[in-house]
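Each chain, letter by letter, is given below.
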Amino acid sequence: MVAGLSRSPLVLEVHPAVPVSSVPELIAYVKADPGKISLASFGTGTVSDVAGILFMTEAGIEMTHVPYRGSAPLVVDLLAGQVQSAFDNLPSSFGYIRIGKLRALAVTTATRSPALPDVPALADFLPGYEANAWIGIGAPKKTPVEIIDQLNREINVGLADPKIAARIADLASNAFVASPADLDKLVVEYTEKWGKVIRAANIKTE
């Protein structure tokens, strides 16, 4: 890994027709009718999918998983009420949440997102829950260390620019400044964490 670019939470959201306004209400609603409430993701095995599996496991509930090929078709069907709930990238759903076409119940970062300060973190209800989406830059394995280090420095200088940071914030994300070592460690941690979830759920590649 060379450098980070942005980091953002996923958002647990529902269609406004779903009669819940909080995570505890959603859990109770699902328990009253297990398996009949759909939970969309933007693809089997994606962070959206495993975030949903982790949520259901920790909440002790069962929802019908509906995978899509990306966030855009997920949002289209959620807006139309074809599915009732979803874990989506916050940047993809942010505009619809702001105008009330989707209802955000929680974000998946450990703390609240500055983009949605009134929306609680899922960890407030399920302690320790966290599922972040992040974007970084990689390079071929044999790229010289000095080139990677130079790229990292230059990219991090750009991310520290207030205008660039503000633009990333406008997209409901945060600038992600990290060293190559930080990113390598993060990849190892995520591989271990989500690998356990994937194996437990017996997720297979499509």
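Residues numbered from 1 in each chain as written. Predicted model: local features only at pLDDT ≥ 70, side-chain atom pairs only at ≥ 80, totals over all residues. Heavy atoms only, no water.

Here we look at the overall build of the protein chain
Reasoning step 1: A tally of helices and strands in the protein chain yields seven helices and seven strands.
Reasoning step 2: For the protein chain, the N- to C-terminal ordering of α and β elements is β-α-β-α-β-α-β-α-β-β-α-α-β-α.
Reasoning step 3: For a compact globule of 206 residues, the expected C-alpha radius of gyration is about 17 Å, and the protein chain comes in at 18 Å, within 12% of that figure.
Reasoning step 4: Oriented by its inertia axes, the alpha-carbon framework of the protein chain measures out at about 60 × 40 × 30 Å.
Reasoning step 5: Long-range contacts, defined as pairs at least 24 residues apart, comprise 72% of the intrachain contacts of the protein chain with a sequence gap of at least 6.
Reasoning step 6: Of the roughly 10,700 Å² of accessible surface on the protein chain, 57% is carried by carbon and sulfur atoms. (Helix = DSSP H or I, 4+ residues; strand = E, 2+ residues; numbered from the N terminus. Rg over C-alpha atoms; globule rule 2.2 N^0.38 Å. Contact = heavy atoms within 4.5 Å. Areas by Shrake-Rupley, 256 points an atom, 1.4 Å probe, with all protein chains shown as cover.)

Some words on helix 7 (residues 180-201)
Reasoning step 1: In a regular helix each residue adds 1.5 Å, so 22 residues correspond to 32 Å; helix 7 covers 31 Å between its end C-alpha atoms and thus fits that length.
Reasoning step 2: Taken residue by residue, helix 7 has P180, L183, L186, Y190, W194, G195 and V197 as its buried positions.
Reasoning step 3: On its buried face, helix 7 is in contact with strand 1 (3-14), helix 2 (47-59), strand 6 (132-137) and helix 5 (145-160).
Reasoning step 4: Remark: N202 follows helix 7 within two positions and exhibits a positive phi of approximately 55°. (Expected span 1.5 Å × (residues − 1). Buried < 20%, exposed > 50% of the residue type's maximum accessible area, 1.4 Å probe, protein only.)

Overview of the nonpolar core
Reasoning step 1: If you look at the biggest cluster of nonpolar residues, it comprises 55 residues, and the most contacted ones within it are L12, F55, F87, L122 and Y129.
Reasoning step 2: In this structure, Y129 is in contact with A51, G52, L54, F55, E58, F87, T108, L122 and A123, ignoring residues within four places of it in sequence. (Core = buried A, V, L, I, M, F, W, Y, C linked by side-chain atoms within 4.5 Å.)

Notes on the side chain of D49
Reasoning step 1: Counting through the fold element by element, D49 comes out in helix 2.
Reasoning step 2: Look at D49: it is buried, it has no salt bridge, and the nearest opposite charge is R69 at 13 Å.
Reasoning step 3: In terms of polar contacts, D49 uses its side chain to reach the backbone amide nitrogen of G45, at 2.8 Å.
Reasoning step 4: In this view, D49 contacts S41, G43, T44, H65 and I203; residues no more than four positions away in its chain are not counted. (Lys, Arg positive; Asp, Glu negative; His and termini not counted. Salt bridge = Lys/Arg side-chain N within 4 Å of Asp/Glu carboxyl O. Polar contact = N/O pair within 3.5 Å; in protein donor to acceptor, adjacent residues only side chain to side chain.)

By themselves, these figures tell us nothing about what the structure is for.
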